[in-house]
Amino acid sequence: MASALLAGVSGLRSHQEMLDVVGNNLANVNTTGFKAQRFRFADLISDTKVPATDSVSGQVGGTNPLQIGLGVKPAAIDTDLKQGALEATGNDLDLAIQGDGYFVVNDGANDLYTRAGAFSVDKDNTLVDPSTGYRVQRYGIVGEGDAVNPPIQTPGDNSIQIPFGTSIPGRATESVSFKGNFSAAATGPLAETLTSNQPFVASGSPATAATTLNSLDTNLVDYASGDPIQITGTDADGSTVSSTFTYGTDGTTLGSLIARINSTFTQATASLDASGNLVLLANNTGPTNLTLSIGDGGTSAGSTSFSMHNAGPTVEGKDGDTVKTAIQVFDTQGTAHTLSLTFQKVANNQWNLTGTVDPAEGTVLDGQVDTILFNDDGSFRQAGGSGAGDLDLQVQFNGLSTPQSINLNFGTSNGFDGITQFGGGTSAAATNQDGYAAGFLTAVSVAQDGVIGGVFTNGLIIPIAQIAVASFTNPGGLNRLGNNYFGLSNNSGLAVLSTPLSGGKGGVRSGNLETSNVDVALEFTRLIIAQRGFQVNARTITAANEVLQELGNIIR
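Let me begin by describing the structure that accompanies this report. (Residues numbered from 1 in each chain as written. Predicted model: local features only at pLDDT ≥ 70, side-chain atom pairs only at ≥ 80, totals over all residues. Heavy atoms only, no water.)

**Quick word on the packing of aromatic side chains**
- This model, assessed by the stated rule, comprises 16 aromatic pairs.
- Aromatic pair F178 and F343: ring centres 5.6 Å apart, planes at 90 degrees, arrangement edge-to-face. Of this pair, F178 sits in strand 14 (residues 175–183) while F343 is found in strand 27 (residues 336–347), placing the two residues 165 residues apart along the sequence. One exposure class covers both F178 and F343, and it is buried.
- Geometrically, the ring pair formed by F182 and F343 is edge-to-face, given 4.8 Å between the ring centres and 65 degrees between the ring planes. With F182 in strand 14 and F343 in strand 27, this pair connects stretches of sequence that are 161 residues apart. (Phe/Tyr/Trp six-rings, centres within 6.5 Å; stacked < 30°, edge-to-face > 60°. Helix = DSSP H or I, 4+ residues; strand = E, 2+ residues; numbered from the N terminus. Buried < 20%, exposed > 50% of the residue type's maximum accessible area, 1.4 Å probe, protein only.)

Next comes the structure, spelled out in structure tokens:
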């Protein structure tokens, strides 16, 4: 009878502890990063009244043991490690781990571990858990400074500094990159061309340089020696030209007249094409003011209808099509300047570039990049000549003693990752440069890999630290220390520190907190089960007590 009482008492105790676990779970239903617990039972050792017997061959079989259990005990209190839901908060320093792992904080002596990532920056610019002041730990050398980024963290100190308001110096632009397309329909430069309205003809056949003026079909009265023919017009630069061809003295053929035109115009060349047309071609490409007029002099006895051969423009002189872009660059003091860049098509699959700055801000010492070439498939081939036409621009900004070189990057040779030349529209532009102005740290962002990016007023985002995440061989074996912290135990294994998204660890979600993973419906069910278990064990004690009372009554 005593064993029944003791078994009932063990049941009461065990179910009371189950109630304690369920109650703790329900109490922490809104605790950030809380992991629910599960209570498991195990029976106590049994009292063997009769041991099991072996069978006797050919006579009797074996018998099972006769045992009476002595009650129940707690077998284990397990931790439910499943992911809690993420709650968006909008606070950049509210962090949650989606997946395995724990944030690491330090109390000044030991590392502790938590899933509750509601962090903030204290007066010393240190990232801490504001409920305890424990410092959040980092991993690696991110933020300790390198050839590009200034140092923010102190080597050997694993706490995280976020010094809002700290400044970084400006950096001079060293490289400018380009992307986009140049239209294959763009045209290069053209030379102005004037062509006579009608060809010169002799007896129905195209005239040649050897054709005499008097044999032209448009000759009305033969010229005599000494007759003047007047040549007038404007040269390519717009200057007025005028000369007199003297028949006989200067020649008698159409070729000699053209020779006189060529001696009159210094910036254009006259010729006779196969059809007998007089052609005047500007020596250089680009817009011109070229005009030509031929007529009989006032004292000439001979006469030709030169008005029928007036030369008009058949090709308009033009420069190559241009594409303009601009980008903000920075000098050695971090001062911004606008670098204007003009591409000009100079031949098939070939462009040149010219760079300029506002004269009030500086002087371009070398602003030319020559021979920007494309392949027939539209890919970028190569660029840059030598000396003043290479890939480097050189600018002397006002107030600075040393000229600044800026390298231009058009993409990979024979590739399509930079500029291209395809049919369609033009979109080529300077898209990126590596300089920046001085700036101040005003905000942070946290990436999934735990890298904290410092956002500066100059638009720069610099990696200033990387959050440490710990994993364990048996995270269910961690000790609960209160304040949402866990500590090492003999069965948890040592902490393995690394970065988020490495070694099987989860990623960090900024602006979120992990909520408690307590399942209220399940806990209510367990609450009822624990209550019923307590009740039936109490009934066992009551029944055993009544039996003992009956035994006492027999004695009386």
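Resuming the write-up.
**Concerning empty space enclosed by the protein**
- Under the definition given, this model contains 1 cavity of 30 Å³ or more.
- In this structure, the largest cavity occupies an estimated 40 Å³ of space.
- L278, L292, S293, I294, F306, H309, N310 and A311 together form the lining of the largest cavity.
- The dominant element in the lining of the largest cavity, judged by the number of residues it contributes, is strand 23 (residues 291–296), at 3 residues.
- In the lining of the largest cavity, the residues fall into 5 nonpolar, 3 polar and no charged. (1 Å grid on protein atoms, 1.4 Å probe; cavity = no way out; pocket = protein on both sides within 12 Å on 5 of 7 lines; lining within 4 Å. Points joined across faces, edges and corners; volume = space filled by probe spheres on them. Nonpolar A, V, L, I, M, F, W, Y, C, P; charged D, E, K, R; others polar.)

**Concerning unusual backbone geometry**
- Of note in the backbone geometry, N125 takes a positive phi value of approximately 65 degrees without being a glycine.
- Residue placement: N125 occurs in the loop between strand 10 (120–121) and strand 11 (127–128).
- We note that T371 has phi near 60 degrees; this positive angle belongs to a residue other than glycine.
- Take T371: it is sitting in strand 30 (residues 368–374).
- Its relative accessible area of 26% is what places T371 among the partly exposed residues.

**Considering helix 3 (residues 520–555)**
- Taking 1.5 Å of rise per residue, 36 residues should cover 52 Å, and helix 3 covers 53 Å from first to last C-alpha, within 8% of that figure.
- In this structure D519 caps helix 3, since a side-chain oxygen of it lies 3.2 Å from the backbone nitrogen of A521. (Expected span 1.5 Å × (residues − 1). Polar contact = N/O pair within 3.5 Å; in protein donor to acceptor, adjacent residues only side chain to side chain.)

**Some details on the layout of surface pockets**
- Taken as a whole, the largest pocket encloses approximately 200 Å³ of empty space.
- Around the largest pocket, the lining is made up of 15 residues, and of these D100, G101, Y102, R115 and P475 lie nearest the centre.
- Of the residues that constitute the lining of the largest pocket, the class distribution is 5 nonpolar, 6 polar and 4 charged.
- Lining the second largest pocket are 18 residues, with F34, R480, G482, N484 and Y485 positioned closest to its centre.
- Mapped onto the lining of the second largest pocket, the elements with two or more residues apiece are strand 40 (479–482) and strand 41 (485–487).
- If you tally residues by element for the lining of the second largest pocket, the top one is strand 40, at 3 residues.
- For the lining of the second largest pocket, the per-class residue count stands at 5 nonpolar, 10 polar and 3 charged.

**Topic: the sheet that holds strand 36 (residues 439–446)**
- In spatial order, the strands read 13-36-37-38; together these 4 strands make up an open sheet with antiparallel pairing. The strands lining the two open edges of the sheet, one partner per strand, are strand 13 (167–168) and strand 38 (461–466).
- Sheet analysis places strand 36 next to strand 37 (residues 451–456), joined by 5 bridges and oriented antiparallel. Note that in strand 37 the partner of V446 across the bridge is I452. (Pairing = 2+ DSSP bridges.)

**Focus on the pattern of salt bridges**
- Evaluated as defined, the whole model comprises 12 salt bridges.
- The salt bridge involving D47 is made with K49; its shortest N-O contact spans 2.9 Å.
- On the basis of relative accessible area, D47 is assigned to the partly exposed category, the value being 31%.
- Classification of K49 as partly exposed rests on a relative accessible area of 48%. (Salt bridge = Lys/Arg side-chain N within 4 Å of Asp/Glu carboxyl O.)

Read these as geometric descriptors, not functional statements.
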